[in-house]
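# Per-entry structural report
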Amino acid sequence: FSQFQEEYSLEQVQGSRKVFDYLTVLQCCPTSDGAAAAILASEDFVKRHGLQPQAVEIVAQEMVTDTSSTFDEESCIKAVGFDMSRMAAERCYHKAGVRPQDVDVIELHDCFSANELITYEALGLCPLGSAGELIDRGDNTYGGRWVVNPSGGLISKGHPLGATGNSV
C-alpha cells in the first residue's frame, strides 16, 4: 500500500537534489497525511470471537522520552534519539525474554536513510559503527538475518507528521 512505488537506482538516490550535507531528497521520507489504528482486545475476547488467525500478540512495549544525553552530549546521533531507542529496545527485549537474534521482522522509523542505520545499532542488531556492514551483508532484507520495513517504511509511505511517533 505504499504511496510511492517507484524503484530508484543507487545513482539516482545519490544524484537527487541535496537537502542537507550528504542527504539527498530521495534519502528523506516525504511528508504526507494519514494515520493508522490498532484495536486492542483481551486474549479472552480474541478466543471467544475466533480471531486468533488475525490477532497479533503484544509481548512487550515501552515508551521512553529523551534522555539527558540528547541535550548534553552535543552529538547528532544522540539528538535524533539513539539513547531513547536503545533504552526502549533493551527494556522490550528484557520484558519479552528475547534478544535481537530472536526477531525476524522489524518495522522501524526510517524518516531518513541515516536514521535507519542509527536505529539498527540502537536496537542491538549490530555493534556500534557497523550498520553499514550489516547492510552490505544483506542482513536487513529478504534472505538476510532480518526483514526490515517490509511495508516500505516511511520512505515509501510518507511521514504523517500529525499522526506519528518513533516506534521501536
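Residues numbered from 1 in each chain as written. Predicted model: local features only at pLDDT ≥ 70, side-chain atom pairs only at ≥ 80, totals over all residues. Heavy atoms only, no water.

The name recorded for the protein chain in an unreviewed UniProt entry is propanoyl-CoA C-acyltransferase, from Engystomops pustulosus.

## Considerations on the overall build of the protein chain
For clarity, the threshold we go by: Strands here mean DSSP runs of E at least two residues long; helices mean DSSP runs of H or I at least four residues long; both are numbered from the N terminus. The buried label goes to any residue with under 20% of its type's maximum accessible area, the exposed label to any with over 50%, and the partly exposed label to all in between, with areas taken from a 1.4 Å probe on protein chains only. Residue contacts are counted whenever heavy atoms from the two residues lie within 4.5 Å of one another. With residues, only the protein chains shown are counted as cover, and all accessible areas are computed by Shrake-Rupley using a 1.4 Å probe.
A tally of helices and strands in the protein chain yields eight helices and six strands. For the protein chain, the α and β elements follow one another from N to C terminus as α-β-β-β-α-α-α-α-β-α-α-β-α-β. Each of the three principal axes of the protein chain carries a C-alpha extent, and together these read 55 × 40 × 35 Å. By residue count, 33% of the 168 residues in the protein chain fall in the buried class. Here the analysis covers contacts within the protein chain between residues at least 6 apart in sequence; of these, 62% occur between residues at least 24 apart. Total accessible area on the protein chain is roughly 11,500 Å²; 55% of this is exposed by carbon and sulfur atoms.

## A few points about helix α6 (residues 113–122)
Count 3.6 residues to each turn of an α-helix, and residues three or four apart come out pointing the same way. Of all 10 residues that make up α6, seven are buried, and the element is covered over most of its length. When α6 is considered as a whole, its buried residues turn out to be Asn115, Glu116, Ile118, Thr119, Tyr120, Glu121 and Ala122. Buried residues along α6 sit against α4 (76–79), α5 (82–96), α7 (131–136) and β5 (147–148). Trailing α6 by a residue or two, Gly124 shows a phi angle of about 80°, which is positive.

## Side note on the side chain of Asn140
Note on placement: Asn140 falls in the loop between α7 and β5. Judged by its relative accessible area of 14%, Asn140 is buried. Beyond its immediate sequence surroundings of up to four residues, Asn140 is in contact with Glu116, Tyr120, Leu134, Ile135, Trp146, Val147 and Val148.

## Digging into the pattern of salt bridges
For clarity, the cut-off: By salt bridge we mean one thing: a side-chain nitrogen of Lys or Arg within 4 Å of a carboxyl oxygen of Asp or Glu.
Enumeration over the complete set of coordinates arrives at nine salt bridges. Of the charged contacts in the structure, one is a salt bridge between Glu62 and Arg91, with a shortest N-O distance of 3.7 Å. Here Glu62 is found in the loop between α2 (43–48) and α3 (68–72), whereas its partner Arg91 is found in helix α5, with 29 residues between them in sequence. Taking relative accessible area as the criterion, Glu62 reaches 26% and is therefore assigned partly exposed. Overlapping salt bridges bring together Glu62, Arg91 and Lys95 as one network.

## What to know about the nonpolar core
To be explicit about the condition: We define a nonpolar core as any set of buried Ala, Val, Leu, Ile, Met, Phe, Trp, Tyr and Cys residues linked to one another through side-chain atoms lying within 4.5 Å.
The biggest cluster of nonpolar side chains holds 12 residues, and these are Ala89, Tyr93, Ile106, Leu108, Tyr120, Leu123, Leu125, Cys126, Ala131, Leu134, Trp146 and Val148. Of all elements in the fold, only α5 and α7 reach the threshold of two or more residues within this core. Apart from residues no more than four positions distant in its own chain, Leu134 is found in contact with Tyr120, Leu125, Cys126, Asp139, Asn140 and Trp146.

## As for the packing of α5 against α6
Think of two packed helices as two axes; the pair is described by the angle between the axes and how far apart they sit. For the record, the criterion: Here an angle of 0 to 180 degrees is reported between the N-to-C directions of two axes, which are lines fitted to C-alpha atoms, with helices fitted over the stretch in contact. Each angle receives one of four descriptions, namely roughly parallel if under 35 degrees, roughly antiparallel if over 145, roughly perpendicular if within 65 to 115, and oblique otherwise. Take the far helix as the reference: if the near one is turned anticlockwise from it by less than a right angle, the crossing is left-handed, and if turned clockwise, right-handed. For this classification, the nonpolar set comprises Ala, Val, Leu, Ile, Met, Phe, Trp, Tyr, Cys and Pro, the charged set comprises Asp, Glu, Lys and Arg, and every other residue, Gly included, is treated as polar.
It is the contact of α5 with α6, at a shortest axis distance of 8 Å, that shows an interaxial angle of 40°. In terms of orientation, α5 and α6 fall into the oblique class. Where α5 crosses over α6, the two elements pack in a sense that is right-handed. Each of Phe82, Ser85, Arg86 and Ala89 in α5 lies in contact with α6, whose residues at this interface are Ile118, Glu121 and Ala122. Per-class residue counts for the contact of α5 with α6 are four nonpolar, one polar and two charged.

## Concerning the environment of Cys28
Residue position: Cys28 is located in the loop between β2 (23–24) and β3 (31–32). On the basis of relative accessibility, which here comes to 12%, the residue Cys28 falls in the buried class. In this structure, the C-alpha to C-alpha distance between Cys28 and Ala114, residues 86 residues apart in sequence, is 9.0 Å. Setting aside its immediate chain neighbours within four residues, Cys28 contacts Val19, Leu23, Cys111, Phe112 and Ile155.

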